[in-house]
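What the coordinates show
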Amino acid sequence: MKTKAVRLYGKNDLRLEQFNLPPIGDDEILAKVISDSICMSSYKATCQGAEHKRVPDNVERNPVIIGHEFCGELLQIGEKWKDQYEVGSKFVIQPALNYKGSLDAPGYSYSFIGGDATYVIIPNEVMEMNCLLPYTGDAMFKGSLTEPFSCVVGAFHASYHVQRGTYEHKMGIKEEGNMAILAGAGPMGLAAIDYAIHADRRPKLLVVTDINASRLQRASSILTEAEAAKHGVTLCYVNTWNIMEQSEYLRRLAPEGFDDVFVMAPNTSLGETADKILAQDGCLNFFAGPTDANFSVPFNFFNVHYSGTHVVGTSGGNAEDMRQALGMISEGRLTPSALVTHIGGLDCVIDTTKRLPQIPGGKKLIYTGISLPLTAIDDFEKLADKNPLFRKLHEICSQNNGLWCTEAEQVLLANAKKI
């Protein structure tokens, strides 16, 4: 079977190509990809090429398909897995396989599987590690966004606290504690806010900072203070652009300090602020993944010794984290549409991936079977006069608080140009 895919050959060398997939083995599965959301990790892999920990050293000779936040449909099941999976079933994949201790992952390491493709072959290890998960949601984009949500779930699970005088780590954020999410109005910050409000274990105070007024306004209009209050959370958005002493300002909101602080951008000053606002036994969760292997931040070791402050970090979630995200999305407890600000087709992936940090907004959602320039949802209205498809999409999204939704996806897939 022929597939079209965006493959990485080396640093900043991405190519959209058509090629033949080999016949599947008895322990493999053939699948159709329908949607993939572009992650900053794909940008980092593109910048680093073979220097990236998950990209193979011989990528220039054996290119890999990029994209790891994807959702699709199973087409052909190898004999080994016929009792566990069915043709026609929808699926998502947890890319962090951890197979035999390897860092290999779909979207970084494989020639025949990745999210930015029309058809892929799912290798045996994905099923062996229980990382091929059934998806029963009403829209494929929601399936794609379970992976970023699973990263947030994993980060919240990785935070921990220790009662003074004991050595037992209590895993998870502090229930009814004070939480800060720094640089939190981007797409992953929105996912973290959403989860903090709607998970079973919640803080009593949640302070979200950012330096971009429009991002903060959008975040506060989707994940509102009133919605947080329904779940017992006092939510406060803070624009820190003109605040000189940010740690002092934040300390006034939580005089005893913050039990959990999430840093959502690899920025030295954010790390220093996070350190300064930690409470006794405070946990600094460094969520952001830097591209600089030598990135470091000064940390107060006096407080480490006497106040028990500590640091954790995670890179992705695991299959259980994704199952929790899938469950909460299917129950309507999470709002994946809040993360999406742009849509596009497979032919815009290369430019979008290479320029990802410079493109404003949240998640860039790709539908791999269509041809479409990357387009902001906010631009649908001005495109409506020239294109009836955008007129219809604008009408649908306007009725949904300006957010992408199931109906919009259905209209797009039925009417967009096939690639």
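Residues numbered from 1 in each chain as written. Predicted model: local features only at pLDDT ≥ 70, side-chain atom pairs only at ≥ 80, totals over all residues. Heavy atoms only, no water.

1. Examining the pairing of strand β5 (residues 70–77)
In summary, the side chains of a regular strand alternate between the two faces of the sheet. The pairing of strand β3 (residues 29–38) with β5 spans 7 bridges and is antiparallel. When the bridges of β5 are listed, V33 appears paired with G72. As paired elements, β5 and strand β6 (residues 90–93) share 3 bridges and run antiparallel to each other. Paired with C71 across the bridge in β6 is V92. (Pairing = 2+ DSSP bridges. Helix = DSSP H or I, 4+ residues; strand = E, 2+ residues; numbered from the N terminus.)

2. Re helix α6 (residues 213–222)
Taken as a whole, α6 has its buried residues at L216, A219 and I222. One side of α6 holds all its buried residues, which, seen down the axis, span an arc of 135 degrees. Relative to its buried face, α6 has exposed residues pointing more than 90 degrees away, namely S214 and Q217. Looking at the buried positions of α6, the neighbouring elements they touch are α5 (187–198), β12 (205–210) and β13 (234–239). (Buried < 20%, exposed > 50% of the residue type's maximum accessible area, 1.4 Å probe, protein only. Arc of directions from axis to C-beta. Contact = heavy atoms within 4.5 Å.)

3. Section: helix α11 (residues 319–330)
The end-to-end C-alpha separation of α11 is 16 Å, in line with the 16 Å expected for 12 residues at 1.5 Å each. Residues of α11 that are buried include every one of A319, D321, M322, A325, L326, M328 and I329, and no others. Close packing links the buried residues of α11 with β6, β8 (132–134), α3 (140–144), α4 (146–158) and α5. Capping of α11 at its N-terminal end is provided by N318; its side-chain oxygen lies 3.0 Å from the backbone amide nitrogen of E320. Trailing α11 by a residue or two, G332 shows a phi angle of about 80 degrees, which is positive. (Expected span 1.5 Å × (residues − 1). Polar contact = N/O pair within 3.5 Å; in protein donor to acceptor, adjacent residues only side chain to side chain.)

4. Some details on the pattern of salt bridges
This model, assessed by the stated rule, comprises 17 salt bridges. For E60, the salt bridge is made with R61, and the minimal N-O distance between the two is 2.8 Å. Residue R61 is classed as exposed on the basis of its relative accessible area of 59%. Put simply, D200, E331 and R333 are held in one network by salt bridges that share partners. (Salt bridge = Lys/Arg side-chain N within 4 Å of Asp/Glu carboxyl O.)

5. Here's the deal with the state of the cysteines
Per the counting criterion, the structure on display carries 0 disulfides. In this structure C151 is a free cysteine whose sulfur lies 6.7 Å from that of C39, the closest cysteine sulfur available. What makes C151 buried here is its relative accessible area of 12%. (Disulfide = S-S within 2.5 Å.)

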